[in-house]
Amino acid sequence: MTDTPSSPHHRTGPILRRPPVRSTYRLQLRPDALTFADARAIAEYLQQLGVSHLYLSPIMTAMPGSAHGYDVTDPTTVSAALGGPSGLKALADEVRGRGMGLIVDLVPNHVGVGDPRRNPWWWDVLRNGKKSAFAHFFDIDWSPANGAGGRLALPVLQSENDPAALTVDRSGPEPVLALRDLRFPIAPGTDGENALRIHDRQHYRLVSWKAGIGTYRRFLAVSELAALRQEDPAVFEITHRELAAWCEHDLIDGVRVDHPDGLSRPVAYLAALRRLIGPQRLLLVEKVLGRHEPLDPTLPVDGTVGYEALAQIGGVLVDPAGEPALTELSHRLLGHGSDAEWMADTEHRIRRAVAERLLVPEVRRLVAAVKRDAAVNGFDSAAISDMALTNATIEVLSHMPVYRTDYPALAGVLTEVVAEVQRRHRELTAPLSVLVRALAAGGEAARRMHQVGGAVAAKAIDDTMFYQAARLVSLQEMGGDPGRFGRSVLEFHLANAERAMRRPMTMTTLSTHDTKRGEDVRARISVLSQVAENWARSVTAWLELTPAPDGPTAAFLLQNMFGIWPVDGTRPAAVPQLRERLHLFTEKAVREAGLRSSWEEPDSEFESEIHRWVDAVVDGPVGLELSELATHLAPHARSDSLAQKLLQLCGPGIPDVYQGCELWEDALVDPDNRRPVDFGHRLAMLQSLTGTPELESTGAAKMWIVAYALWLRRERPDCFVGGTYTPLFAGGERSDHMVGYARGRAGEPPQVIVAATRHSVALAEAGWSDTVLDLPSGTWTDRLTGHTFTGRVRLEKLFARLPVALLVR
């Protein structure tokens, strides 16, 4: 080996200068499993793995017990449960002493208000109403016509009988209203003996969550998260005061911004944020780009968190030959092909449903703003009914091709959408003219239009439609387009080349805390595209053998089950927590899909039936056949996992490794993908690696590839960030089964070659035949195997040991 985890140069003395970002490792901090002190303890392991920066989940004070940190309750303090400011400083010192750095996850859009006692700003607003010093921090509608009599509506009532359960809790330092385990403040001078009468005198009003009454802007449709008004300089200053201190004391090297599309003015916010952190620190945004949406080149950011790269890397490994059989199976079981045509029609329908049901308060407030802004330009509010104006507004929202259209690069998109809606619905011309008049004013209505549009898109596409399709569920991921059955090699190369040129420091990823399936689960499911006819026959037989209460749900679940099914001979029932995890995923899947059950109105009878079916699959003959198929295809799934990992790690951008993903992982949607990671096991494995591992169940081969790729990025950084990208193509009968590229320093010949196998099922039967790759001049050594090559190399020799190669001149 040319470099080993125990090499002495892995531990360096104190390094004062800020280390360049070459790669990141995402850590999901949580008080019960991974604190700042715990992160310090694994810093040496991450350094040995080759990581340059730890990428931390939110670190501000959040709801007690929060396993993710996005429900921040105090944006002005570092979480004491994680270790507080001293713990953060100690972690920063530890990693900086190792030549590494920190990237932090910033949550500017909202704060947690699910338990008002935990959020001092929110508590003060509830107590003092509009007179609260913090009232302007939140986007609250205090108008008399807000649906709550001018008060702040809190959608916490579960039933009509809930108000009768209100009591006064006098056990603490001050009396509070109590409802179940919730507590609410009592305004000065409004105390009394009767809880209901006290409630009627407060600045807030408890309402049913089913009533559609909301007077504060939320995060999407989550009432427990209240949006902040970052457009107010005072709010920006106080919520970024800690960040400014971290930058002043040089504790961090970059920022990841959570959900900027929810802000009132994201462009202005990002400009202010860039000024605060300075020009040299990394600035990334969690931006879900539309099908043809570019990341606006005028934004002062280095890139996104990598959802688009995830779709491209995974998509190039999908076999287009499987599309007809999987489309036909989808037609048979779901009544549609889950294809582009269905996606377009369904997206519009679901967007409308989301706007009409889940986001009623936001749409109502938007329409009120439209009427006000249009009135400024002479609109008579009596001329058009609220129903007509609401219908026109929702129709425009449901046709938006992106989250929001007010980025400079998207100028004209909203115009096209309005024109298309008018063309389709001539009867909406009058209310559309009112909407246009309001949007042209560039005021509140325009801002809310874009904010609501982003919420509609997120809930409709990622949280609903991606649970209703089942042609190939590995494509149903944030930033993905399941209507496109994979990506061609040519598309893959052009996307990489553009990333290398335009956004060399954008993040790339394969797994995040938000992905619906982890990278290795998606890789295994994508292999079904290579055996599509076999899968279609198997599913048909399985549903005859063990009939499901609902065909579409079963078709969706079977692919996900296949993705995490044990392949080491262990019966699923014997795998710890597997059954429980499948049931939790099943519940979330059927409720998100909203076809037979939902979060708002769960169908307990149907859910019980589908849970019984899941148990029947796990314990019965279908489970045995699933095991047989998954085991048979396991080598190909592992081949694809290694391929996508190496393509990501050496490709353009800053690669992020999600915690634990240096080994095989079987994560499903959150919270399954946020389970604690056994870092001790990983450290022991890394230190035990002495030669090229076999492609087997331990995941050692994946760790081998991750380490060598990250070490190479450290050894030759100029070949990657800011380096050149050159597509490579094989020649011969099986040339389309390889995807590869070369990297190098600007103005110099290539120094690194990455080659990966794709569509390996066919190769298992026919082999590589005469397929060759012509290497650039020089002698090339595969860092993964130690083998040396020159000139023309046969791919059967290049991939004799592993399905991937990492060649260095």
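Rules behind the numbers
- Residue numbers here run from 1 along each chain, matching the order of that chain's written sequence.
- Owing to the predicted nature of the model, reporting of local features is limited to residues with pLDDT of at least 70; listing and counting of side-chain atom pairs is limited to 80 or more, with chain, interface and lining totals taken over all residues.
- Excluded from the side-chain calculations are hydrogens and water; all other atoms, namely the structure's heavy atoms, are used.
- Detection works on a 1 Å grid of protein atoms alone, calling trapped sets that fit a 1.4 Å probe cavities and calling open sets with protein on both sides within 12 Å along at least five of seven lines pockets, with lining residues defined by an atom within 4 Å of a point.
- Grid points are joined across faces, edges and corners, and a volume is the space filled by probe spheres set on the points.
- Labels follow the DSSP assignment, with helices taken as runs of H or I lasting at least four residues and strands as runs of E lasting at least two, numbered in each case from the N terminus.
- Three classes are used, and their members are as follows: Ala, Val, Leu, Ile, Met, Phe, Trp, Tyr, Cys and Pro are nonpolar, Asp, Glu, Lys and Arg are charged, and the others, Gly among them, are polar.
- Whether a residue is buried, partly exposed or exposed follows from its accessible area with a 1.4 Å probe, protein chains only, as a fraction of its type maximum: under 20%, in between, or over 50%, in that order.
- We define a polar contact as two N or O atoms separated by no more than 3.5 Å, with the added condition that, inside protein, one atom must be a possible hydrogen donor and the other a possible acceptor, whereas residues neighbouring each other in sequence contribute only through side-chain atom pairs.
- In what follows, a contact means two residues having at least one pair of non-hydrogen atoms within 4.5 Å.
- Throughout the structure description, domain borders are defined by an automatic or database domain assignment.
- Note on terms: buried area is the combined drop in 1.4 Å-probe accessible area of two parts once they are placed together, counting the loss on both.
- Here, strands pair whenever DSSP counts at least two bridges between them.
- Multiply 1.5 Å by the residue count of a helix minus one, and that product is the helix's expected span.
- Under the pairing criterion, centres of Phe, Tyr and Trp rings, with the six-membered ring standing for Trp, must be within 6.5 Å; the plane angle then separates stacked pairs below 30 degrees from edge-to-face pairs above 60, leaving the rest tilted.
- What we call a nonpolar core is a set of buried Ala, Val, Leu, Ile, Met, Phe, Trp, Tyr and Cys residues that are connected through their side-chain atoms within 4.5 Å.

Draft legend 1. Spatial organisation of empty space enclosed by the protein. Going through the model one piece at a time under the given rule, you end up with ten cavities of 30 Å³ or more. Every residue lining the largest cavity is counted, 19 residues in all, and those nearest its centre are R217, R218, E362, Q451 and V452. Mapped onto the lining of the largest cavity, the elements with two or more residues apiece are β12 (218-219), α12 (360-376) and α16 (444-462). Top element by residues in the lining of the largest cavity is α16. It accounts for five residues. Each residue belonging to the lining of the largest cavity can be placed in one class, and the counts come to six nonpolar, seven polar and six charged. Considering only enclosed or pocket space, the second largest cavity measures out at about 180 Å³ in volume. A311, G314, G315, S474 and L475 are, among the 18 residues lining the second largest cavity, the residues nearest its centre. Among the elements of the structure, α9 (307-315), α18 (519-526) and α23 (621-650) are those that each provide at least two residues to the lining of the second largest cavity.

Draft legend 2. Representation of the environment of S688 in the model. For S688, the position within the fold is in helix α24 (residues 679-688). Classification of S688 as partly exposed rests on a relative accessible area of 46%. For the pair S688 and L435, spaced 253 residues apart in the sequence, the C-alpha separation amounts to 65 Å. A distance of 2.8 Å separates the side chain of S688 from the backbone oxygen of M685, its partner in a polar contact.

Draft legend 3. Main features of the side chain of D162. Along the chain, D162 falls in the loop between β7 (152-157) and β8 (167-169). When its relative accessible area of 10% is taken as the criterion, D162 is described as buried. For D162, the side chain forms a polar contact with the main-chain nitrogen of Q158, separated by 2.6 Å. Excluding its chain neighbours within four sequence positions, the residues that come into contact with D162 are V156, L157, L179 and R180.

Draft legend 4. Just the environment of R281, in detail. In this fold, R281 is placed in the loop between α8 (266-277) and β15 (282-285). Overall, R281 belongs to the buried group, its relative accessible area being 7%. Taking C-alpha positions, R281 is 9.8 Å from V301, a pair spaced 20 residues apart along the chain. The residues contacting R281, other than those within four sequence positions of it, are R18, C247, D250, I252, D253, G254, R274 and D302. In this structure the side chain of R281 is engaged in a polar contact, spanning 3.0 Å, whose partner is the backbone oxygen of I252.

Draft legend 5. A look at the domain arrangement of the protein chain. Partitioning the protein chain into domains gives domain 1 (24-109 + 229-305), domain 2 (116-227) and domain 3 (339-467). The distance between the C-alpha centroids of domain 2 and domain 3 comes to 30 Å. Counting residues at the interface gives twelve residues for domain 2 and twelve residues for domain 3. The contact between domain 2 and domain 3 buries some 960 Å² in all, and 48% of this surface belongs to carbon and sulfur atoms.

Draft legend 6. Quick look at the sheet that holds β12. Overall, antiparallel pairing links the three strands, which are arranged β6-β13-β12 in an open sheet. Taken across any chain shown, the strands that pair with only one partner, and hence form the sheet edges, are β6 (110-112) and β12. As defined by bridge partners, β12 adjoins strand β13 (residues 222-227) across two bridges and the pair is classed as antiparallel. Opposite R218, over in β13, you have A226 as the bridge partner.

Draft legend 7. Main features of α16. When the terminal C-alpha atoms of α16 are compared, their 27 Å separation across 19 residues agrees well with the 27 Å that a helix rising 1.5 Å per residue should span. Most of α16 is tucked away: 17 of the 19 residues are buried.

Draft legend 8. Just the packing of aromatic side chains, in detail. Following the criterion strictly, the structure yields 17 aromatic pairs and no others. Considering the side-chain rings of W122 and F138, the 4.9 Å spacing of their centres and the 75° angle between planes classify their relative orientation as edge-to-face. Placement of W122 in helix α4 (residues 120-128) and of F138 in the loop between α4 and β7 is noted, with a sequence separation of 16 residues between them. Here W122 falls in the buried class, since its relative accessible area comes to 1%.

Draft legend 9. Geometry of α9. Most of α9 sits out of view: nine of its nine residues are buried. For α9, every residue scored as buried is listed here: Y307, E308, A309, L310, A311, Q312, I313, G314 and G315. Buried-residue contacts for α9 involve β14 (254-257), β16 (303-304), α17 (489-502), β17 (507-508), α18 and α23.

Draft legend 10. A look at the nonpolar core. L27, L49, I59, W246 and V396 are the most contacted members of the largest nonpolar core, which totals 158 residues. Looking at which element gives the most residues to this core, the answer is helix α25 (residues 700-715), with twelve residues. Apart from residues lying up to four places away in sequence, W246 is in contact with I59, M60, V78, L88, V104, L251 and I252. One finds I525, L543, I610 and L629 within the second-largest nonpolar core, a separate group that totals 55 residues.

Draft legend 11. Representation of the pairing of strand β22 (residues 772-782) within the structure. Here β22 pairs with strand β23 (residues 788-794) via six bridges, running antiparallel. Bridge assignment links L773 to a residue of β23, and that residue is V793. Count of turn residues in the β22/β23 antiparallel hairpin: five residues, of which G786 carries a positive phi of about 85°. Relative to strand β24 (residues 804-808), β22 runs antiparallel, the two sharing two bridges. Bridge assignment links D782 to a residue of β24, and that residue is L807.

Draft legend 12. Geometry of the pairing of strand β20 (residues 738-744). Taking burial as the measure, the seven residues of β20 include seven buried ones, the bulk of the element. Side chains M738, G740, A742 and G744 project from β20 onto one buried face, and the interleaved V739, Y741 and R743 project onto a second face that is buried too. Note: strand β19 (residues 724-728) against β20, five bridges, orientation antiparallel. Paired with Y725 across the bridge in β20 is R743. Pairing between β20 and strand β21 (residues 752-757): six bridges, direction antiparallel. Looking across to β21, one finds that M738 is bridged to T757.

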